[in-house]
Amino acid sequence: MSGVLGDIPAASPGFDGAASRRLLARLRDVMAGSGSGQERLDKIVTLIGMEMGADVCSCYVMRAGEVLELFSTLGLNQDAVHNTRLRVGEGIVGDIAGHARPIALDNAPSHPSFAYRPETGEDPFLSLAGVPILRGGKVRGVLVIQHKDRRRYTEVEVETLQTIAMVVAELVAQGELVNPQEVASTGDPALLPARLSGTSLASGLAMGLAVIHRPQLTIRQMVAEDAESELERLNAAIATMHSAIDDLLNAAALAGLSEPKDILETYRMFAEDRGWLSRIREAIRVGLTAEAAVQQVQNDTRARMSHLTDPYIRERLLDLEDLTNRLLQHLAGRKSEADGSTLPDEIVLVARSLGPAELLDYDQRRLRGVILEEGSPSSHVCIVARALNIPVVQAPDALTRIEPLDPVIVDGDHGQAFVRPAEDIQMAFAEAVALRARKEQMYEAIRALPSVTRDGVPISIQLNCGLLIDLPHLKASGAEGIGLYRTEIPFMVRSTYPDVRAQTDLYSRILDQTDDKPVVFRTLDVGGDKMLPYIAASEGEENPALGWRAIRIGLDHPSLLRQQLRALLRASSGRPLSVMFPMIAEVAEFDAARRLLDLEIARLEGQGFEPPSRLRVGTMIEVPALLWQLPALLPRVDFLSVGSNDLTQYIFASDRGNPRTSGRYDPLAPAMLSLLRRLVEACGDAGVPVSICGEMAGRPLDAMALIGIGFRSLSMSPPSVGPVKTMLRSLDVAALRQYMGGLYQRGDHSLRDKLRTFAKDHGVII
Ligand code: PEP
Ligand code: MG
């Protein structure tokens, strides 16, 4: 096919880096010169058209209601100016705005988005290259060039257009072309109370005054005269940025925060990334100021990645934005706004997105809660926020609905925020906080009491952990051990695969901090939506939950799994070790994983290491197929742990990550409870300990049902320990067993209501 394209001539022969620099220099003169915004825009459009040899150059500017208006053109009918309007998503221009990414076409009318507008006289033009005009992460317009015949646009041309679009973005931002009020929020009248409903990213409840985090700086000068001095400025800013990140690292280390420290270290590596820095330097050499170069690279990265849905990459993009903003602050010689002594004592931070370092810039004693427009629970900023016990809510339109210093309640438990809350909401908040405090006191009071039911049945409460910062909870909660250590979480906050030494160090630190309480290490459960950037992904899986994940990756990349097992064995030298494999679907997979472990044990012994004092090997029960292989499986394992999150999704064929299906089926359905009962019975007969570590184990009513079924070991996240222990200490298991005996065969959608009635009638505190 290259022959077909090869026949198409270049759009502007001879338009190279030097031509691009010339054009930018002339643009600088236009921007610095006199004239209204419209006059300067007209000059810019004419200049581009002529310098790039285009038949058409047009600029569309975003107006209220997401409408793109033709503001200036060379080559189209002048009558169309201020008359032709396209909605975002309409036509190729609307497509560029909708996706915030450039398009270069040698045959525009054949593009599926092509929309013919007769008033522009556009039909004779075949080729088109257009770029979004971006500012502050929002699309402010579109810049387009066209040629009559079929032409091939080069990278230099598209990049030049992107750079010019940044200049035009400044013109738009100056407010002369469109009144800024017009494109600002048309949301609720400012002073009315509002409830923002969104997603919970970190649980908890907090109230404070809104501080709007606006890292975006206005870049006044885009084009530089002396590239060398701009490069020097960049180098100086990078050096100060590094030392500022080092200060944060030291502060995190002093505060004993291991995870933020790890994350910041990754972050510094990011800041030292040669690819990123060399792209900025290249943009400076092309003629931009250091600030403009930083922003150009950022816009470019954003545009390239905007269509990617991989959550890991999107999160890294947010990290990069954080770094970009930091670098711009340092270039401007400005201190971060977080330093301001004028900030309120109780801060609710509101931001489009936030990096972990930016969060740590704020005084942690004053930071109460965070509201983000963009973010996900596994983003670095949320990991840090959870470690600091700060609730985080994601609400898509937060920045347009919240004004600086508005009182705001952040309800991280329910994923909502109340802005300028009315008195009744404030009272409800105060009550909820008081209730929480009372409950905390109650949980504290029972912490040292035995975990036994009212009729004397001991129940082992274990923790689910994944970060070093979780470990202090082990002592504080009185849990017996760690029933699930999700080893993938530390892997996910790094940008490179940790070597055996780094892993050994991490696992040793975990074991050192757990005071000889047992820890069950689950081997890497990545894949699906938890892809690590340094493991080649199997592209575009249609059903990631059914795809290449967990043990499947471990068995396909045995060296990866062996390295992890080696590190676990070394870290446990002379002390007990429990290893659990995730997503095992058949006994043969367990055997294969076990073989790798045995190989590592032999290797360890061959090297003269002391082996673990006791080794226990088990598997998660997440894939239903394993339930039909129990007779073969049970003699091979030392323990089992039910991953009810995955088991529920596979049993009901109901994606746990899809809001339309995740709540559709209840794990307290007769089907789920009866299969779990059979599993517990089989384990009892075989003398194999079985635990459960899915989310249901941490919900008091569900945990009650699990105990009724026969589970005697539950593993849950730290905040669930108090409520579950309170529940079980008020429970009579014998009565519950009898009650549940008649329920398993019922045809109900869920037994939740029946179990709730039992709890109420029998004084079980749920
Ligand atoms: C589960 O599937 O229930 C489980 C505990 O594993 P994860 O939530 O990490 O997939
Ligand atoms: Mg699972």
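Residues numbered from 1 in each chain as written. Chains lettered and ligands numbered in written order. Predicted model: local features only at pLDDT ≥ 70, side-chain atom pairs only at ≥ 80, totals over all residues. Heavy atoms only, no water.

1. As for the sheet that holds strand β12 (residues 392-394)
Reading across from one edge, β7-β14-β13-β9-β10-β11-β12-β8 is the order of the eight strands in this open sheet, with mixed pairing throughout. Lying at the two open borders of the sheet, with one neighbouring strand each, are β7 (194-197) and β8 (199-202). Neighbouring strand axes in the sheet, compared pairwise and without regard to direction, differ in orientation by 30° on average. With four bridges connecting them, strand β9 (residues 205-212) and strand β10 (residues 347-351) associate as parallel partners. (Pairing = 2+ DSSP bridges. Helix = DSSP H or I, 4+ residues; strand = E, 2+ residues; numbered from the N terminus. Axes fitted to C-alpha atoms, helices over the stretch in contact; angles between N-to-C directions.)

2. Structural notes on the confidence of the model for the protein chain
Residue-level pLDDT values for the protein chain average 86, and 88% of them are 70 or greater. Here residues 1-6 is modelled with pLDDT under 50, and outside its nearest four sequence neighbours on either side it reaches two contacts, counting other chains as well. Below a pLDDT of 50 lies the segment residues 184-190, which in the model reaches five contacts outside its immediate sequence neighbourhood of four places, other chains included. (pLDDT = per-residue confidence, 0-100. Contact = heavy atoms within 4.5 Å.)

3. Focus on the packing of aromatic side chains
What the rule picks out here adds up to five aromatic pairs. Centroid distance Tyr485 to Phe521: 5.7 Å. Interplanar angle 55°. Geometry classified as tilted. Taken together, the residues span a long stretch of sequence, with Tyr485 in strand β16 (residues 481-486) and Phe521 in strand β17 (residues 519-522) at a distance of 36 residues. In this structure, Tyr485 and Phe521 share a single accessibility class: buried. Plain terms: the ring middles of Tyr507 and Phe521 are 5.5 Å apart, the flat faces sit at 65° to each other, and that makes the pair edge-to-face. Separated by 14 residues along the polypeptide, Tyr507 in helix α18 (residues 500-512) and Phe521 in strand β17 bring together distant segments of the chain. Exposure remark for Tyr507: the relative accessible area of 0% places this residue in the buried category. With relative accessibility at 1%, the residue Phe521 sits in the buried group. (Phe/Tyr/Trp six-rings, centres within 6.5 Å; stacked < 30°, edge-to-face > 60°. Buried < 20%, exposed > 50% of the residue type's maximum accessible area, 1.4 Å probe, protein only.)

4. Overview of the site of ligand 1
Neighbouring ligand 1 are 13 residues; Arg486, Arg522, Gly643, Asn645 and Arg656 lie closest to it. One of the backbone N or O atoms of Gly643 is found 3.4 Å from an oxygen atom in ligand 1. Contact distances for ligand 1 include 3.0 Å between an oxygen atom and a backbone N or O atom of Asp646. About the coverage of ligand 1: the protein hides 97% of its 290 Å² of free accessible area. Going through the elements one at a time, β16 and α23 (644-651) are the ones with two or more residues in the shell around ligand 1. For the shell around ligand 1, the element with the highest residue contribution is α23, accounting for three residues. Partitioned by chemical class, the residues of the shell around ligand 1 number three nonpolar, four polar and six charged. (Near = heavy atom within 4 Å. Polar contact = N/O pair within 3.5 Å; in protein donor to acceptor, adjacent residues only side chain to side chain. Areas by Shrake-Rupley, 256 points an atom, 1.4 Å probe, with all protein chains shown as cover. Nonpolar A, V, L, I, M, F, W, Y, C, P; charged D, E, K, R; others polar.)

5. Some remarks on the side chain of Gln394
Structurally, Gln394 is set in strand β12. Only 3.2 Å separates the side chain of Gln394 from the backbone oxygen of Glu373, close enough to count as a polar contact. With near-sequence residues (within four places) excluded, Gln394 lies in contact with Gly198, Thr199, Leu201, Leu372, Glu373, Glu374 and Gly375.

6. Things to note about the pairing of strand β11 (residues 367-372)
Burial within β11 is extensive, with five of its six residues counted as buried. At this point the chain moves from β10, through helix α12 (residues 356-361), to the parallel β11, and the crossover so formed is right-handed. Strand direction decides the pairing type here: β11 and β12, joined by three bridges, are parallel. Across the sheet, the residue bridging to Leu372 is Gln394, located in β12. (Right-handed = clockwise from strand over helix to strand, strands pointing away.)

7. A short note on helix α13 (residues 380-387)
Burial runs high along α13: six of the eight residues are buried. Buried within α13 we find His380, Val381, Cys382, Ile383, Val384 and Ala385. Immediately beyond the C-terminal end of α13, within one or two residues, lies Asn389, with a positive phi of roughly 65°.

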